[in-house]
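If you want the building blocks of each chain, they are given just below.
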Amino acid sequence: WVEAGSIYEESEQAGITHVIEHMIFKGTPSRNPGEIAGAIEGLGGRINAYTGFEYTVYHATLPNRHWEQALEVLSDAVLNAVFDPEELEREKKVVLEELAMRNDQPTTRFFEKIMATSYRQHPYRRPVIGTTESISSINREDILDYREKFYKPGRMYVVVVGDFQFPSLLNRVQSLMGGMEAERDLSPDITGEPVQSSPRFFKLKMAVNQSRLAWTFPIPAFTHPDSPVLDVISALLGDGESSRLYHTLRNQKGLVHQVNTSAFTPKYQGLLRINTILEPDKMSAALETGLKEIYRLKYQDVPEDELKRVKLNIEKDFIFGLERVKGQARLLGSLEMLSDDPRKEIYLDKLRNVTPADIKKVARKYLKPDKVTAGILIPDSVTVDLDDERAFEIIHKTDQKSRSGSGTPASLLTDSFLDNVHRFSLDSGITLLVREDHNIPTTAIRLIFPGGLRGETEATNGAFNFISKLVPEGTDTLTARELDLRLAELAGGISGFSGKNTFGLKAGFLSRFFESGLKLVSDVVINPRFDPEEAEKVRAEILARLDQQEDSLSSVAMREFNEILFQGHPYSLNKPGTKTAIKNLTVRDLRNIYHQYSRPNKLVLAVAGDVKADEVKEAVDKYFSSWSAPSSPYPLDTYFLEPLPPVDPEIVSLDREKEQVHIIIGFMGAGLKEPERYSLEMLKTVLTGQSGRLFTRLRDRMSLAYSVSAFNFSGLGTGAFGVYIATSPERKEEAIQALWEELYRIREEKISNDELERARELLIGHYELGLQTHGAQAMEIGLNETYELGQDYGYRYINTLERITPEKVRTTAQRYILPEKYVMVSVGKDLETEVETTDQLN
């Protein structure tokens, strides 16, 4: 962690901290560009970096046996980067492409406008990434001067979490970094923010489909005694479906599709932020209702039971965040950087001691009408009833109204990749899997049914997505609100999921509430309410999400690619659905589909965490035994004809007035149980990643893009493989040419042994790291059962990867990368340039 962030930059060099973050990976005296990322990925790890307002973080996560090598690689990069001028010019182009991508994202532009309006002088008002002008002007001398000023021992922190011996770690850090000259730390002066004395309002119009309303209040820094109280206020107002703003704005009055709050408590003055997604004609009503709920905190005591739920759920988030070593490291680093004390217990103690009186006192101090900054994002063609005059009237009058109105061992699987996994076949037909892990006091539950896209047609496209969002919204005996409150009391949550082949429920609880949580889960899955009012709220949310999808060019490109490649197969459908289908699906339709597919004899119920397997079995028998399957035929017994590769190239170009063009070139891939899927994973990994071929050539050397990658999807009986890039319209033809050249090269030439080893270690490392949380473990054992892969799948996956050779990778590439049978989709500004074809590449 380096105490060097955007707030320390001069305005004419805005973004230089972020450019340095990029350049740190561009070579040292002992490593060439790409070798730093390659060294970590070659050990099966992940390496990355991020730049914030106050600090820059360079981090690696990998199997613990390689910690010494990782520490040496990171320290070499941070301390010895050469900042080659030619590499700098190339990387500046990459950063400019990243900036262009951000400028195409309405939510990013809106956030930047909120920050620039909420702060008038403090450098928090500037985007971390900088501007086109400032980035373009940065040279090597600027970087060396900045580095000399800020990359000093007194501004640097090393954070390590994992399985190691501390004396060995300390000795290694001293040997690598102890030679740095200890200079007196001279922190630069930061421009303070003047006191806000009147409300502010702005209106941002863009070519968007989805409107937003947000407002902020200034609040103090992280170290201020009021900070924990403000975290409680933020959670009370807008953290989850049991929160006040969600209940009032979304559930009771239907004014918004989504609402959330956050307490931004950085090193200096922060913000309480409220964000909503809504229809343009509900702006004034949403602002008035939301402010009324906020102001109420100043004049009415929060009930003790509500406060207890909120504090418990903040604590839960802390605990769940500590399941991954990366989460632990980030928490420690943040606390050290912001408060000079990494002990989370101090913060949790302050949190637990927050009282209703504290909330009222702090709310009165900061939640004042004169402190409000509000803004809206609307489509270019839309007119709304909210302007400066109307916003200021609502802000002041709502406060006045609020003031006046206040007053068994045989079940153990010995061959399982994850240890302590138990399997039970229950009389109800349910297959139960339980993984015991008593290290962290949390429990995750996954209920998995076959379904998803494979159970849909064009007429019902989006039904399972709709169902997955509606089912957790109440039971026959509990309204959505009552269910939310019960879950909050248990420090837990239930949500739905829907994919290409499955759908179901995800739930998580602190382990001491497991049985009570499981009882609620059983009620949700067996007796879903399917409330018509809730259905209309969900329908509106999905339609808004489809509008949002249209604003994401990468999502549009992938949607079009799937539709063309899979030729009418269910995988060709859009996972969120289509507007026509979503509008036409009735509650009766959804209920019927749900009950056709949600049968106990088709359910895999997976539990992982701090539980005992026999006790879980007893509880599942207790709460699920009365559930029986319907007598009607099971819909997914239908056979699907798997799609064939395109007979001829299919090329589609969609024109959008944006700063970038998004391109996908793809082919039919291998199914989940086909042996070639492992070689395709290897192919994808050789091409992608910071040390992969696409990144190294198209981004690092050619500066064509900020985002370039490969993808591989393995479904049931079929799959997809391809490459993706987002670049400027002027360089579209050059990008397509370069993508094809890399595809031809990997078809015709064997990959090197070094590339093979890097890809193998990366895939194995990512697989192992992906199983850290109880939620991931439950989903892993559940899907292995659902897809009949076996609980020893992890061993077979690793063993298969270890047997793959460079020749096998080339053979697989020649089988699946078919230059005459591909789909190419481009979405973005059409400059009417002639697209390079494969004929010109032969």
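Throughout this document, residue positions are counted from 1 along each chain, in the order its sequence is written. Restriction of local features to residues with pLDDT of at least 70 applies here, the model being predicted, together with a cutoff of 80 or more for giving and counting side-chain atom pairs; totals for whole chains, interfaces and linings are based on all residues. Note that the side-chain values use all heavy atoms of the structure and ignore hydrogens as well as water.

> For the sheet that holds strand E9 (residues 431-436), give the residues involved together with the corresponding values.
When DSSP finds two or more bridges between two strands, those strands count as paired. Strands here are runs of E lasting at least two residues and helices are runs of H or I lasting at least four, both read from the DSSP assignment and numbered beginning at the N terminus. In spatial order, the strands read E8-E9-E13-E10-E12-E11; together these six strands make up an open sheet with mixed pairing. If you trace the sheet from one side to the other, it starts and ends with strand E8 (421-425) and strand E11 (492-498), each paired once. When the angles between neighbouring strand axes are averaged without regard to direction, this sheet yields 15 degrees. Looking at chain direction, strand E10 (residues 442-450) and strand E12 (residues 502-510) are connected through nine bridges and run antiparallel. Across the sheet, residue Ala444 finds its bridge partner in E12, namely Gly508. The contact criterion used throughout is that any non-hydrogen atoms of two residues lie within 4.5 Å. An axis is simply a line fitted to the C-alpha atoms; with a helix, the fit covers only the stretch in contact. Between two such axes, the angle follows the N-to-C directions and lies from 0 to 180 degrees. Helix-sheet contacts for helix H17 (residues 463-470) involve E11 and E12, and the interaxial angle to E11 is about 175 degrees. Each of E10, E11, E12 and strand E13 (604-609) touches helix H19 (residues 514-526); the most contacted strand, E10, lies at about 20 degrees to it.

> Describe in detail the sheet that holds strand E7 (residues 373-379), supporting the description with residues and values.
What the five strands build is an open sheet, ordered E3-E7-E4-E6-E5; its pairing is mixed. Where the open sheet ends on each side, the last strands, each with one partner, are strand E3 (200-206) and strand E5 (258-264). Each strand of the sheet is rotated relative to its neighbour by a mean of 15 degrees, with strand direction disregarded. Pairing analysis gives seven bridges linking E5 to strand E6 (residues 270-278), with the strands arranged antiparallel. The residue bridging Thr261 from the neighbouring strand is Ile274, located in E6. Packed on one face of the sheet, helix H9 (residues 227-238) meets strand E4 (211-219), E5 and E6 and runs near 175 degrees to E5.

> Explain the environment of Tyr119 residue by residue, including any values.
For Tyr119, the position within the fold is in the loop between helix H5 (106-118) and helix H6 (132-137). Judged by relative accessible area, which is 0%, Tyr119 ranks as buried. Each C-alpha atom of the pair Tyr119 and Gln269 lies 9.5 Å from the other, and the pair is 150 residues apart in sequence. Beyond its immediate stretch of four places on either side in the chain, Tyr119 contacts Tyr124, Arg125, Glu193, Arg200, Phe264, Gln269, Gly270 and Leu271. Buried means the residue's accessible area, taken with a 1.4 Å probe over protein chains only, is under 20% of the maximum for its type, while exposed means over 50%, and partly exposed covers the values in between.

> Let's hear about the pattern of salt bridges: which residues, and what values?
A side chain of one charge can pair with a side chain of the opposite charge when the charged atoms of the two come close. Should a side-chain nitrogen of Lys or Arg be within 4 Å of a carboxyl oxygen of Asp or Glu, the pair is scored as a salt bridge. Tallying each qualifying case throughout the model produces 47 salt bridges. Between Arg250 and Glu534 there is a salt bridge, with the nearest N and O atoms lying 3.2 Å from each other. The residues Arg250 and Glu534 share a single accessibility class, namely buried. Residues joined in a network through salt bridges with shared partners are Lys26, Glu91, Arg699 and Asp700.

> Help me get a handle on a negative patch on the surface, residues and values and all.
Two joining distances apply to patches: 9 Å for like charges and 5 Å for nonpolar side chains (Val, Leu, Ile, Met, Phe, Trp, Tyr), and every residue must have over 30% relative accessible area and no salt bridge. Surface accessibility follows the Shrake-Rupley procedure with a 1.4 Å probe radius. Residue values consider only the protein chains on display as shielding. Counted as positive: Lys and Arg. Counted as negative: Asp and Glu, with His and the chain ends omitted from the count. To locate a charge, take NZ of a lysine, CZ of an arginine, CG of an aspartate or CD of a glutamate. A surface patch of like charges, here negative, comprises Glu279, Asp281, Asp385, Asp387, Asp388 and Glu389. Relative to the elements of secondary structure, Asp385 occurs in the loop between E7 and helix H16 (388-404).

> Can you lay out the pairing of E12 for me, pointing to particular residues and giving the numbers?
Among the nine residues in E12, eight count as buried, and that is most of the element. Relative to E12, E11 runs antiparallel, the two sharing seven bridges. Considered in E12, the bridge of Ile494 is made with Ala507. Adjacent in sequence and paired antiparallel, E11 and E12 are bridged by three residues.

> Tell me about the packing of H9 against helix H12 (residues 304-321), and please be specific about residues and values.
Their axes nearest at 10 Å, the elements H9 and H12 cross at an angle of 105 degrees. Considered as vectors, H9 and H12 are oriented roughly perpendicular to each other. Residue-level contacts link Asp231, Val232, Ala235 and Leu236 of H9 to Glu306, Leu307, Val310, Lys311 and Ile314 of H12. Looking at the contact of H9 with H12 residue by residue, the class counts come to six nonpolar, no polar and three charged. In these notes the angle categories are as follows: under 35 degrees is roughly parallel, over 145 is roughly antiparallel, 65 to 115 is roughly perpendicular, and the rest is oblique. For this scheme, ten residues count as nonpolar: Ala, Val, Leu, Ile, Met, Phe, Trp, Tyr, Cys and Pro. Four count as charged, namely Asp, Glu, Lys and Arg, and the remainder, Gly too, count as polar.

> Could you give an account of the pairing of E4, naming the residues involved and the relevant values?
Among the nine residues of E4, nine are classified as buried, and the element is accordingly described as predominantly covered. Because side chains alternate across E4, one face comprises the buried residues Ser211, Leu213, Trp215, Phe217 and Ile219, and the other comprises Arg212, Ala214, Thr216 and Pro218, equally buried. Looking at chain direction, E4 and E6 are connected through nine bridges and run antiparallel. Its bridge partner being in E6, Ala214 is matched across the sheet by Asn275.

> Run through the confidence of the model for the protein chain, naming residues and quoting values.
Per-residue pLDDT for the protein chain averages 92, and the proportion of residues at 70 or more is 97%. For every residue, the predictor reports its confidence as pLDDT, a number between 0 and 100. This model gives residues 833-842 a pLDDT under 50, and the stretch forms 20 contacts once residues within four places in sequence are excluded.

> Tell me about helix H4 (residues 85-103), and please be specific about residues and values.
A helix is expected to reach a length of 1.5 Å times the quantity of its residues less one. Across its 19 residues, H4 extends 27 Å between first and last C-alpha, which sits within 8% of the 27 Å expected from 1.5 Å per residue. What H4 keeps buried is the set Glu87, Leu88, Glu91, Lys92, Val94, Val95, Glu97, Glu98, Leu99, Ala100 and Met101. Here a polar contact is recorded for every N or O atom pair within 3.5 Å, except that within protein the pair must consist of a potential hydrogen donor and a potential acceptor, and residues adjacent in sequence are included only if both atoms are side-chain atoms. Near the N-terminus of H4, the side chain that reaches the backbone nitrogen of Glu86, with its oxygen 3.1 Å away, is that of Asp84.

> Got a sec to walk through the environment of Arg697? Specific residues and values, please.
Positionally, Arg697 belongs in helix H26 (residues 693-701). The class of Arg697 is buried, set by a relative accessible area of 18%. Considered as a pair, Arg697 and Ala738 are 41 residues apart in the sequence and their alpha carbons are 8.6 Å apart. Residue contacts for Arg697: discarding those within four places in its chain leaves Met702, Ala738, Glu741 and Glu742.

> Describe the packing of H9 against helix H15 (residues 356-366), with residues and values.
Between H9 and H15, the shortest axis-to-axis distance is 10 Å and the interhelical angle comes to 90 degrees. If you check the angle between H9 and H15, you find them roughly perpendicular. Where H9 abuts H15, its residues Val229, Leu230, Val232 and Ile233 lie against Asp358, Ile359, Val362, Ala363 and Tyr366. Residues belonging to the contact of H9 with H15 are distributed by class as follows: eight nonpolar, no polar and one charged.

> Outline the packing of aromatic side chains, listing residues and values.
Pairing of aromatic rings covers Phe, Tyr and Trp, the last through its six-membered ring, and needs centres within 6.5 Å; plane angles under 30 degrees mean stacked, over 60 mean edge-to-face, and all others mean tilted. Taken as a whole, this structure holds 33 aromatic pairs when the rule is applied. Aromatic side chains Phe449 and Phe503 sit 5.4 Å apart centroid to centroid with 25 degrees between the ring planes, which places their arrangement in the stacked category. On the criterion of sequence distance, the pair formed by Phe449 in strand E10 and Phe503 in strand E12 is long-range, its members being 54 residues apart. In this structure, Phe449 and Phe503 share a single accessibility class: buried. Summarising the aromatic geometry, the rings of Phe464 and Phe503 are spaced 4.8 Å apart at their centres and angled 55 degrees between planes, so their arrangement reads as tilted. With Phe464 in helix H17 and Phe503 in strand E12, the pair connects residues that are 39 residues apart, well separated along the chain. Each member of the pair Phe464 and Phe503 is classed as buried. The criterion is that NZ of a Lys, or CZ of an Arg, lies within 6 Å of the ring centre and within 35 degrees of the ring normal, and then a charge sits over that ring. Cation over ring: Arg155 sits above Tyr8, and NZ or CZ is 5.0 Å from the ring centre. For Lys500, the ring lying beneath its charged end belongs to Phe713, and the centroid distance is 4.8 Å.

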